[in-house]
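# Observations on the three-dimensional arrangement
Here is how the chains run, residue by residue.
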Amino acid sequence: LNDCKMQHNAEVGLFTKPSRLKRVYMKYLYYPGCSLEGTALEYNASTRAFMQELGEELIELEDWTCCGASAAEATSHLLSLALPALVLAKAENMDGFKEILVPCSACYLNLKKVEEKIRKDSELLEKINIILAEEKLNLRGQLRVRHLLDVVANDVGPQKIFARVKKPFTDLIVAPYYGCQCLRPYYIFDDPEDPRSMEGVIKAAGANIHQWNMAGRCCGASHMTTKPEVALELVAAILKAARGADAIITVCPMCQMNLEAYQKKISGMCKEDLTMPVLYLPQFLGLALGLSEQDLRLDLNLSITQAFRNKLLS
């Protein structure tokens, strides 16, 4: 294992020796959102397990509520801002935090949208606060919204992950898939047209990067239920482009569901085998750190093949 780490260190030139690694451990205010307590339980479990393994503390937001996801916008534009504003106002009431960590890309986008808009539009903030007054809350705009990927890539960083890796995946080729919502429209921590933020931490786990141009492409999102013919075509293109990789790694519950749940249907539609393991980033990194499949709830993934498990264990 040490030889493997030394070889990987020399090849990528990204990491310092573990003995030189110094970093202050962080405490994050954590907003899981609805998906992570429903269809994406494995994302929630693996995020908590991975961060705990690294000594990073997650403090769940008290009495959190739904951010509105994609449904609120179709009902009322103001409602689509008021719901995430309610979350942020509750978060501001928790002393000692200047940031809130959000794993779900849809939740991140909704909360980030409010953060950005109220900073530029004082009249909108006034309207929102009239609504929030019903809950005896007031939004000040003092909290920074951060995606889990931003925190893992830039706060935790490749060096710390590399230092804690117990099982480097040197035989794996991984396709990092970002989707749309953690990248667009806000150019915060990565380039939406050429995203790279996942690459350093994936390499820290010893894996190789699948070279492709689909990392930031749309998976169709909720069109899978409203316009399935459109979404199935988009997902098919992504799965075809991922051929040659051992797995796709993502950071979005909607992307994960679309890429994973419809593989058999798309394979039949395209008359070729397009099945591919799809994991959340903290699941993949957690495995490299030696966490168990149960810790990371790999049993809830729909596309983990025995061949992929064999590679993990080899």
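To be clear, the structure that these remarks concern was listed above.
Calculation notes
Residues numbered from 1 in each chain as written. Predicted model: local features only at pLDDT ≥ 70, side-chain atom pairs only at ≥ 80, totals over all residues. Heavy atoms only, no water. Axes fitted to C-alpha atoms, helices over the stretch in contact; angles between N-to-C directions. Helix = DSSP H or I, 4+ residues; strand = E, 2+ residues; numbered from the N terminus. Parallel < 35°, antiparallel > 145°, perpendicular 65-115°, else oblique. Left-handed = near helix turned anticlockwise from the far one by under 90°. Contact = heavy atoms within 4.5 Å. Nonpolar A, V, L, I, M, F, W, Y, C, P; charged D, E, K, R; others polar. Pairing = 2+ DSSP bridges. Buried < 20%, exposed > 50% of the residue type's maximum accessible area, 1.4 Å probe, protein only. Right-handed = clockwise from strand over helix to strand, strands pointing away. Core = buried A, V, L, I, M, F, W, Y, C linked by side-chain atoms within 4.5 Å. Polar contact = N/O pair within 3.5 Å; in protein donor to acceptor, adjacent residues only side chain to side chain.

Turning next to the packing of helix α2 (residues 41-53) against helix α7 (residues 148-164). Where α2 contacts α7, the axes come no closer than 11 Å and their chain directions differ by 50 degrees. The angle between the axes of α2 and α7 places the two elements in the oblique class. The handedness of the crossing between α2 and α7 is left-handed. Within the contact between the two elements, α2 uses Y43, T47, F50, M51 and E53 and α7 uses L148, V151, V152, V156, I161 and R164. Here the residues of the contact of α2 with α7 are counted per class, giving eight nonpolar, one polar and two charged.

As a further point, take the sheet that holds strand β3 (residues 99-102). Overall, parallel pairing links the four strands, which are arranged β2-β1-β3-β4 in an open sheet. Strands with a single pairing partner mark the edges of an open sheet, and in this sheet they are β2 (57-60) and β4 (144-147). Averaged over all neighbouring strand pairs, the angle between strand axes comes to 40 degrees, with direction disregarded. With respect to the sheet, helix α5 (residues 105-120) is in contact with β3 and β4, its orientation differing from that of β4 by roughly 155 degrees.

Our next topic: the sheet that holds strand β5 (residues 173-177). Here we have four strands laid out as an open sheet, ordered β6-β5-β7-β8, and parallel in their pairing. The open sheet is flanked by β6 (208-209) and β8 (278-280), the only strands paired with a single partner. The sheet contact formed by strand β7 (residues 247-250) and β8 spans three bridges and is parallel. Bridge assignment links I249 to a residue of β8, and that residue is L279. Along the sheet, helix α13 (residues 281-288) contacts β5, β7 and β8; its crossing angle with β8, the most-contacted strand, is approximately 85 degrees.

A separate point is the pairing of β5. Of all five residues that make up β5, four are buried, and the element is covered over most of its length. Two elements, β5 and β6, share two bridges in a ladder whose sense is parallel. The residue bridging V174 from the neighbouring strand is I209, located in β6. Taking the sense of rotation as the criterion, the β-α-β connection linking β5, helix α8 (residues 197-204) and β6 turns out right-handed.

A word on the nonpolar core. Membership of the largest hydrophobic core comes to 104 residues, with the highest contact counts inside it found for Y31, L139, I161, L281 and F284. Not counting the four nearest positions on each side in its chain, Y31 is found in contact with L61, W64, T65, C66, C67, V87, I100, L101, V102, P103, C107 and L111.

With that settled, the discussion passes to the packing of α7 against α8. At their nearest, the axes of α7 and α8 sit 9 Å apart, and the two run at 30 degrees to each other. Considering their axes alone, α7 and α8 lie roughly parallel with respect to each other. Crossing angle aside, the handedness with which α7 passes α8 is left-handed. Residues L149, V152, A153, G157, P158, I161 and F162 of α7 pack against S197, M198, G200, V201 and A204 of α8. Its residues assigned to classes, the contact of α7 with α8 comprises nine nonpolar, three polar and no charged.

In this fold, T250 is placed in strand β7. Of note is the side chain of T250, whose polar atom sits 3.1 Å from the backbone oxygen of Y177. In contact with T250, not counting residues within four places along its chain, are Y177, C255, Q256, V278, L279, Y280 and L281.

These figures capture arrangement, not role.
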